[in-house]
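Each chain, written out:
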Amino acid sequence: MKIEPGSKLLNNTLAKKSLRFALVAHDARKEALVEWVGNNLDLFQQVSIFSTETTGRLLSTRYAGLSVVALKSGPLGGDQQIGAMICEGLLDALVFFVDPLSPMPHDVDVKALTRLATVYDLPMACSSSTANLIVAGCRQGMLTRKTSSDQ
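One structure accompanies this document, and this report is about it.

Calculation notes
Residues numbered from 1 in each chain as written. Predicted model: local features only at pLDDT ≥ 70, side-chain atom pairs only at ≥ 80, totals over all residues. Heavy atoms only, no water. Helix = DSSP H or I, 4+ residues; strand = E, 2+ residues; numbered from the N terminus. Polar contact = N/O pair within 3.5 Å; in protein donor to acceptor, adjacent residues only side chain to side chain. Contact = heavy atoms within 4.5 Å. Phe/Tyr/Trp six-rings, centres within 6.5 Å; stacked < 30°, edge-to-face > 60°. Buried < 20%, exposed > 50% of the residue type's maximum accessible area, 1.4 Å probe, protein only. Salt bridge = Lys/Arg side-chain N within 4 Å of Asp/Glu carboxyl O. Pairing = 2+ DSSP bridges. Axes fitted to C-alpha atoms, helices over the stretch in contact; angles between N-to-C directions.

1. Remarks on the side chain of K30
Consideration 1: Its location among the elements puts K30 in helix 2 (residues 30–39).
Consideration 2: Here A25 takes part through its backbone oxygen, which lies 2.6 Å from a polar atom of the side chain of K30.
Consideration 3: Side-chain polar atoms of K30 contact the side chain of T55, separated by 2.9 Å.
Consideration 4: Discounting residues that sit within four places of it in the chain, K30 has contacts with A25, T54, T55 and L58.

2. Focus: the packing of aromatic side chains
Consideration 1: Enumeration over the complete set of coordinates arrives at three aromatic pairs.
Consideration 2: Centre to centre, the rings of F21 and F44 are 5.4 Å apart; their planes meet at 85 degrees, and the pair counts as edge-to-face. With a gap of 23 residues between them, F21 in strand 1 (residues 19–25) and F44 in helix 3 (residues 41–44) connect regions that are remote in the sequence.
Consideration 3: The buried category is assigned to F21, whose relative accessible area is 0%.
Consideration 4: Overall, F44 belongs to the buried group, its relative accessible area being 0%.
Consideration 5: Note on W36 and F44: the rings are 5.3 Å apart at their centroids and 65 degrees apart in plane angle, and the pair reads as edge-to-face.
Consideration 6: Taken together, the ring pairs connect F21, W36, F44 and F97 into an aromatic cluster.

3. Considerations on the pattern of salt bridges
Consideration 1: Applying the stated rule across the entire model yields four salt bridges.
Consideration 2: The salt bridge partner of R139 is D42, with a shortest N-O separation of 2.8 Å. Linking R139 in helix 7 (residues 128–139) with D42 in helix 3, this pair joins segments that are 97 residues apart in sequence.
Consideration 3: Look at D42 and you get partly exposed, because its relative accessible area is 41%.

4. A few points about the sheet that holds strand 3 (residues 67–70)
Consideration 1: Here five strands make up an open sheet; going across it, the order is 3-2-1-4-5 and the pairing parallel. Two strands lie at the open edges of the sheet, namely strand 3 and strand 5 (124–125), each paired on one side alone.
Consideration 2: Seen against the sheet, helix 2 touches strand 1 and strand 4 (93–97) and runs at an angle of roughly 150 degrees to strand 1.
Consideration 3: Strands in contact with helix 5 (residues 78–87) are strand 1, strand 2 (47–51) and strand 4; relative to strand 1, the strand with the most contacts, it is inclined by about 155 degrees.

Interpretation in functional terms is not warranted from these geometric data alone.
Here it is in structure tokens:
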């Protein structure tokens, strides 16, 4: 399902679950991200997921019970939509499975998300190992929902 930032449906999705994760993956890493979510399905059933278009479609197809909002495709502005959500304090973590071995025509978008996650002190993972650390933090109660006053 595609919804635009600021829409009533997006606002309802943001209010529905406690934690809000952005999940993004380059083409060669999409299946790894989908499998990683499956390995942590119990957690992601309690999380609102925001994703770029293709990744969101794959997650929704594989795990129909998840709360997934598919934004635009990364190169068509989806990365910027996620960046705006970071700036507005609407995300609690960013998991971006990057493919470091493929040429990336939209590498500037990856750098922009990394910079925003750093500026706004948002937990960010670029591989399954670091993503597992974020999940472990969630399970131990170390990662809680950000509020606009946390910015």
